[in-house]
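So you can see what is in the structure, the chains are spelled out below.
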Amino acid sequence: MAFLASAWDESRPRVSIIVISSLVGLLVVASIFQRLQRWQQLRHVPGPRLAGFTSLWITWRHIRATIHEECKDVAEKYGPLVRIGPNEVICTDLETIHRICSFKSGYRKDNWYRIGRMSKDQDSVFTTLDPELRREKKKKISPAYAGKGSDSFEHGVDRGIAILIDSIETRYANQSIPMDLARQVHFGILDTLGEVAYSKPLGFLANNKDMGNFLKINEETLPFVFILSNYVSIFKLLHKWPFNLLLPRAGDQVGLGAVMGFTTGLIDQRLRPGVEPQRDILQSFIANGLTREELVEEVTLQFFAGTDTTASSITMTLLYLLATPSAYRKLQKEIGDGIAKGLVSSPIQDVEARQMPYLQACIREGLRLMPPLATGAFYKAVPEGGDTVCGHYLPPGTRVATGSMVYAMGRSKAFWGGDADVFRPDRWLEADEDRRLAMTMTVDLAFGHGQFGCLGKAIAFMELSKAVAEILRRYDLSIVNPTHPLKIFTAIAWVSHDLWVKVERR
Ligand code: HEM
């Protein structure tokens, strides 16, 4: 018996090795089988071969921050529907995207949107996936974005842009020190959001600094979020201990947490009994029954959705104008003529700005070339029963990107012509009405569309028109460092800084 027992002991390690190796082997075979099955489901959709087998094709392009360029290249090479991942496609056909995003399409937000979730149990409108819950939420928050219950966005935007102009005027105009245009505009847009949403600037321009390192931390975090957005399950982990300690929370001294602390303070102040109601977005949310937790999520969302985006579109439009002196002068002339004829007030009114064809052309041309969220996927999931897209059947659950293709569509030579990469606002004036409508609809995909469309689009256009017009009517800007005009990268949104300019009064 003793002999048998020792023989058993000796063979035990070998048995364990055999069991473990068999299990690993089984897992490898199962994974290969699963990959083959996934590859098989979309094998009829054209695209780079490697992309069909592994999401590393996309991840690598996120690491290099070139996904927008690559999507443009594959769209040119393979046509309007391209497979860019095992379960991911992009579509560059305008009509099809409109259909997918329409209210009755049956498409829904994919799990990808979970990357924007800040708290464990509370969703904002952006991270709510269930269509019924989204409808309920939108009923409560859309009136605020439509300006109902507010005095007018315009007063808030005017106050915010006035602070921006005041900062430029007192700190940089005709001074020897240059101004970081990208940072000034970003500070200005953060303060403008404060004015529009809570009737209070956030103090970025008053202090002329990145309060609580909000922008710095945001810029350092975005590339990680961008890369990890391909692995949404990791974001679920983030809400579990100890990873949740990494998430921003109201009360932090720095970063988004510091801003959340500020806005949570404002929310609590407003919710106190007997406090005089204001006429702004926050008050409208409260009036429509949002709970405190919902308010915190929606308000935090505005910082992601409404500041990097608008600031980058203003900065990029101004940069393109600086690089195109004929367009710069033409826009200044349109503004000057408007002032002389009494058609442009001070500050310029939204209704006046909308009547200025060259200003509007410059803004859309800037959005066309540098859509602010050029590298965000914004996947929508194909509904039950599947769908036929551009002649190819897509099984239910296939992820159709409705964001990563806007850069490709904005620069398509087939649609825009040989000078698609050139900032040429005149193309908008030369186009007939039908053509201009098609151009507008293409560029406006930068805001999403239909049931998924941006709720802040009207505010964004107002901020864009006013900021560009108010700066150009007063100042001549010139780039300080023409060989390296700015530092810029993309990680869902464009992030830019160190755009140094000299500011001279006109
Ligand atoms: C140029 C500026 C802007 C651009 C390009 C932009 C673009 C977008 C895009 C692409 C989406 C997602 C669409 C989708 O899911 O398919 C979105 C959603 C959203 N945006 Fe904007 N945005 C801008 C400015 C703003 C501003 C100023 C605000 C508010 C102050 C705002 C508030 C929102 C909200 C609340 C959502 C979520 C809508 C929903 O999930 O139903 N955005 N935006």
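Source: prediction; values computed, not measured.

A. Seen up close, empty space enclosed by the protein. For the coordinates displayed, the defined rule picks out four cavities of 30 Å³ or more. Lining the largest cavity are 13 residues, with His-186, Glu-219, Trp-494, Val-495 and Ser-496 sitting closest to its centre. For the lining of the largest cavity, the elements supplying multiple residues, two or more each, are helix H7 (181-198), helix H9 (214-228), helix H14 (308-322) and strand E11 (493-497). Considered as a void within the structure, the second largest cavity measures approximately 50 Å³ in volume. Lining the second largest cavity, in full, are Leu-367, Arg-368, Pro-371, Val-406, Met-409, Gly-410, Thr-442, Val-443, Leu-445 and Ala-446. Residue assignment for the lining of the second largest cavity shows that the elements contributing at least two residues are helix H17 (357-369), helix H18 (406-410) and helix H21 (433-443). Split by residue class, the lining of the second largest cavity holds seven nonpolar, two polar and one charged.

B. Local environment of a nonpolar patch on the surface. Judged by side-chain polarity, Ile-20, Val-24, Val-28, Ile-32, Leu-36 and Phe-53 come together as a nonpolar surface patch covering roughly 510 Å² of accessible area. Here Phe-53 shows up in the loop between helix H1 (2-41) and helix H2 (56-63). On the basis of relative accessible area, Phe-53 is assigned to the partly exposed category, the value being 31%.

C. Summary view of the coordination of the iron atom of the ligand. A lone protein donor binds the iron atom of the ligand: Cys-454 (SG), at 2.3 Å. Its location among the elements puts Cys-454 in the loop between H21 and helix H22 (457-474).

D. Layout of the packing of aromatic side chains. Counting across every chain of the model gives 14 aromatic pairs. Where Trp-416 meets Trp-428, the ring centres are 5.9 Å apart and the plane angle is 50°; that geometry is what we call tilted. Here Trp-416, found in helix H19 (residues 413-416), pairs with Trp-428, found in helix H20 (residues 426-430); they are 12 residues apart in sequence, far enough to count as distant. Here Trp-416 matches Trp-428 in class, with each residue buried. Linked through ring pairs, Trp-112, Tyr-113, Phe-126 and Phe-378 together constitute an aromatic cluster. Between the NZ or CZ atom of Arg-435 and the centre of the ring of Phe-415, over which it lies, the distance is 4.3 Å. Above the face of the Trp-416 ring, Arg-435 is positioned so that its terminal group lies 6.0 Å from the ring centre.

Parameters at a glance
- Position numbers for residues start from 1 in each chain and track the written sequence from start to end.
- Reporting of local features is limited, given that this is a predicted model, to residues whose pLDDT is at least 70; pairs of side-chain atoms are given and counted only at 80 or more, and all residues count toward the totals for whole chains, interfaces and linings.
- Side-chain numbers come from the whole structure's heavy atoms, not from hydrogens or water.
- Cavities and pockets were defined on a 1 Å grid built from protein atoms only: a cavity is a group of points that admits a 1.4 Å probe but offers it no way out, a pocket is an open group of points flanked by protein on both sides within 12 Å along at least five of seven lines, and a lining residue is one with an atom within 4 Å of any such point.
- Grid points are joined across faces, edges and corners, and a volume is the space filled by probe spheres set on the points.
- Helix and strand definitions here come from DSSP, where helices need a minimum of 4 consecutive H or I residues and strands a minimum of 2 consecutive E residues; each element is numbered from the N-terminal end.
- Amino acids are sorted into nonpolar (Ala, Val, Leu, Ile, Met, Phe, Trp, Tyr, Cys and Pro), charged (Asp, Glu, Lys and Arg) and polar (every other residue, Gly among them).
- Every patch collects residues that have over 30% relative accessible area and no salt bridge, joining them within 9 Å if they carry like charges and within 5 Å if they are nonpolar side chains (Val, Leu, Ile, Met, Phe, Trp, Tyr).
- Each accessible area value is a Shrake-Rupley result obtained with a 1.4 Å probe; residue values ignore everything except the protein chains displayed when judging cover.
- Salt-bridge detection follows one rule: a side-chain nitrogen of Lys or Arg within 4 Å of a carboxyl oxygen of Asp or Glu.
- Here the term buried applies to any residue with accessible area under 20% of the maximum for its type, exposed to any over 50%, and partly exposed to those in between, with areas from a 1.4 Å probe on protein chains only.
- Any N, O or S atom lying within 2.8 Å of the metal counts as a donor, with the limit raised to 3.2 Å for Na, K and Ca; because water is left out of the atom set, some sites can appear incomplete.
- Stacked, tilted and edge-to-face pairs are distinguished by plane angle, under 30 degrees for stacked and over 60 for edge-to-face with tilted covering the rest, among Phe, Tyr and Trp rings (Trp via its six-membered ring) whose centres lie within 6.5 Å.
- Charge-over-ring placement is defined geometrically: NZ (Lys) or CZ (Arg) within 6 Å of the ring centre, and within 35 degrees of the ring normal.

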